[in-house]
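# Observations on the three-dimensional arrangement
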Amino acid sequence: MKQSDLSQSNRRNNKTDNQNAENLRSKVQKDLDQWRKKLKELSFEDSLRELDTLLSKLQNDEVPLADLQAHYLQGKAYLAHCQELLDSVEQELVEVNLNENNSS
């Protein structure tokens, strides 16, 4: 095979790889958007349960290599949701304490 044929073949392979990577990023982003919508409906306890299930799958090598990025991002989304819920409760407690101190 000629050098020019190899170069053309490599360019086609690179273009296909880039398209596959872009398709995967697009799918992961769509999935992540769906998870975030689902998260808004979950309680703190449900989010922790989902995160625990996800971590168990990752620790037991139940997740195919191709799905690791999506699972990692999903885990980050669950964790961020839990933090948002905790921050909200903390803010409510601070406000209650301020109101109690001002009324005394």
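Throughout what follows, the structure given in this document is the object of discussion. (Residues numbered from 1 in each chain as written. Predicted model: local features only at pLDDT ≥ 70, side-chain atom pairs only at ≥ 80, totals over all residues. Heavy atoms only, no water.)

## Details of the packing of helix α2 (residues 44-59) against helix α3 (residues 68-103)
Convention followed: For helices, the fitted line uses only the C-alpha atoms of the stretch in contact; every axis is such a line through C-alpha atoms, and the angle between N-to-C directions lies from 0 to 180 degrees. Helix numbering and strand numbering both begin at the N terminus, where a helix is a DSSP run of H or I of at least 4 residues and a strand a DSSP run of E of at least 2. For classification, angles of less than 35 degrees are called roughly parallel, those exceeding 145 degrees roughly antiparallel, those between 65 and 115 degrees roughly perpendicular, and all remaining angles oblique. Handedness of a helix crossing follows the sense of rotation of the near helix relative to the far helix, less than a right angle counterclockwise being left-handed and clockwise being right-handed. Here, residues are in contact when the closest pair of their heavy atoms is within 4.5 Å. Following the grouping adopted for this structure description, the nonpolar residues are Ala, Val, Leu, Ile, Met, Phe, Trp, Tyr, Cys and Pro, the charged ones are Asp, Glu, Lys and Arg, and the polar ones are all others, Gly among them.
The geometry of α2 relative to α3 is characterised by a closest axis approach of 9 Å and an angle of 155° between their N-to-C directions. With respect to each other, α2 and α3 are oriented roughly antiparallel. For the element pair α2 and α3, the recorded crossing hand is left-handed. In this structure, α2 uses Phe44, Ser47, Leu48, Glu50, Leu51, Leu54 and Leu58 to contact α3, whose residues at the interface are Leu68, His71, Gln74, Gly75, Tyr78, Leu79, His81, Cys82, Leu85 and Leu86. Per-class residue counts for the contact of α2 with α3 are eleven nonpolar, five polar and one charged.

## Here we look at the pattern of salt bridges
Heads up, the condition is: Think of a salt bridge as a Lys or Arg side-chain nitrogen and an Asp or Glu carboxyl oxygen that are within 4 Å of each other. Think of it in three bands: with a 1.4 Å probe and only protein chains considered, a residue is buried below 20% of the maximum accessible area for its type, exposed above 50%, and partly exposed in between.
Per the counting criterion, the structure on display carries one salt bridge. Measuring nitrogen to oxygen at the nearest pair gives 2.5 Å for the salt bridge that ties Arg49 to Asp46. Separated by three residues within a single helix, Arg49 and Asp46 lie in helix α2, roughly one turn from each other. Under the relative-accessibility criterion, Asp46 is labelled partly exposed at 29%.

## Focus: the environment of Ser47
Mapped onto the elements, Ser47 comes out in helix α2. On the accessibility criterion, Ser47 (0% relative accessible area) is buried. Counting along the chain gives 38 residues from Ser47 to Leu85, while the straight-line C-alpha distance between them is 10.0 Å. Look past the residues within four positions of Ser47 in its chain and what remains in contact with it is Leu39, Leu42, Tyr78, His81 and Cys82.

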